[in-house]
Amino acid sequence: MAQEKVLRTVTVTGEGIERIPTTLTQVQLGVEIQGKTATEVQEQVAKRTTAVVEFLRSRRVEKLQTTGISLQQNYQFTNNERRLVGYIGTNTVNFRLKTEEVGSLLDEAVKAGATRIDGVSFAATEEAIASAQKQALRRATEDAQQQGNAVLGALNFTPKEVVSIAINGANVPQPRMLQADGISRSAAAPFASPVIGGEQTVQASVTLQISY
């Protein structure tokens, strides 16, 4: 009987990493007001928030949206007794802008009425991430091929052709977070230092099956 020829292969997985600068900053800030009555608090929150939003629109920030509105009772505990002392109202918004503009904008947002900064994160543009994903896949493919050639060469085998390819993915990097711990700022305490974004890392993995 004719003997079926066995296809001899080696399977290797390559990794590719591409680092890109973060040029955009996502900011969440808002207004928090304490007062004796719910109506008073709501009015003050609405007034300040309107001023902050108008300022942000004048600076043409991107993707401006409301992320939270709350009004809650404020209690004080004395001798194991709870006493209602007023209300706390908050309104927070989220937006994106170029990183080099963040420092001055936060100063001006505080002057416009913002009383809290809840979070800052840094990210690259969508175009930069897409380009980095492709480059990381190229690097991963080259890495896998070099690994296969090295192993087969060490065993005195000759690589022939790639018989299968598995793209294990080029991840979308998560924004780099910089927490501001909900700090309150006044016009007399500006952000003196510039805000620096840093880098994001895009990783990709490719698996090749090479015959010999």
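It should be emphasised that the depicted structure is a prediction, and the values quoted were computed from it without experimental measurement. (Residues numbered from 1 in each chain as written. Predicted model: local features only at pLDDT ≥ 70, side-chain atom pairs only at ≥ 80, totals over all residues. Heavy atoms only, no water.)

**Observations regarding unusual backbone geometry**
Here is step 1 of the chain: Positive phi outside glycine occurs at R60, with the angle close to 55°.
Here is step 2 of the chain: Among the secondary structure elements, R60 is positioned in the loop between α1 (38-58) and β3 (62-78).
Here is step 3 of the chain: You will see that K63, though not glycine, has its phi angle at about 55°, which is positive.
Here is step 4 of the chain: Among the secondary structure elements, K63 is positioned in strand β3. (Helix = DSSP H or I, 4+ residues; strand = E, 2+ residues; numbered from the N terminus.)

**Considering the pattern of salt bridges**
Here is step 1 of the chain: Going through the model one piece at a time under the given rule, you end up with seven salt bridges.
Here is step 2 of the chain: A salt bridge links E32 to R116; the nearest nitrogen and oxygen atoms lie 2.5 Å apart. On the criterion of sequence distance, the pair formed by E32 in strand β2 (residues 24-35) and R116 in strand β5 (residues 116-123) is long-range, its members being 84 residues apart.
Here is step 3 of the chain: When its relative accessible area of 32% is taken as the criterion, E32 is described as partly exposed.
Here is step 4 of the chain: The partner of R59 in a salt bridge is E108, and the shortest N-O contact between them spans 3.1 Å. Placement of R59 in the loop between α1 and β3 and of E108 in helix α2 (residues 102-112) is noted, with a sequence separation of 49 residues between them.
Here is step 5 of the chain: Among the residues examined, E108 registers a relative accessible area of 33% and is labelled partly exposed. (Salt bridge = Lys/Arg side-chain N within 4 Å of Asp/Glu carboxyl O. Buried < 20%, exposed > 50% of the residue type's maximum accessible area, 1.4 Å probe, protein only.)

**Observations concerning the pairing of β5**
Here is step 1 of the chain: Extensive coverage of β5 is indicated by the burial of six of its eight residues.
Here is step 2 of the chain: Examined bridge by bridge, β2 and β5 share seven bridges and lie antiparallel to one another. In the sheet register, Q26 faces β5, and the bridge partner there is S121. (Pairing = 2+ DSSP bridges.)

**Here's the deal with α2**
Here is step 1 of the chain: The complete set of buried residues in α2 reads V102, G103, L105, L106, D107, A109 and V110.
Here is step 2 of the chain: Where α2 terminates, the next one or two residues include G113, which has phi positive at roughly 140°.

**What to know about the sheet that holds strand β8 (residues 199-211)**
Here is step 1 of the chain: Strand order in this open sheet of three strands is β1-β8-β6, and the pairing throughout is antiparallel. Each having just a single partner strand, β1 (9-21) and β6 (162-170) make up the two edges of the open sheet. Adjacent strand axes in the sheet meet at a mean angle of 15°, parallel and antiparallel pairs treated alike.
Here is step 2 of the chain: One ladder, built from seven bridges, connects β6 with β8; its direction is antiparallel. Looking at β8, one finds that A170 is bridged to A204.
Here is step 3 of the chain: Sitting on the sheet, helix α3 (residues 126-154) touches β1, β6 and β8, and the angle it makes with β1 is about 145°. (Axes fitted to C-alpha atoms, helices over the stretch in contact; angles between N-to-C directions. Contact = heavy atoms within 4.5 Å.)

**Concerning the confidence of the model for the chain**
Any residue range with low pLDDT should be treated as having predicted coordinates unsuitable for detailed reading.
Here is step 1 of the chain: Averaged over all residues, the pLDDT of the chain equals 88, while 89% of them reach at least 70.
Here is step 2 of the chain: Counting interchain partners and residues more than four positions distant, the pLDDT-below-50 stretch residues 180-188 has 21 contacts. (pLDDT = per-residue confidence, 0-100.)

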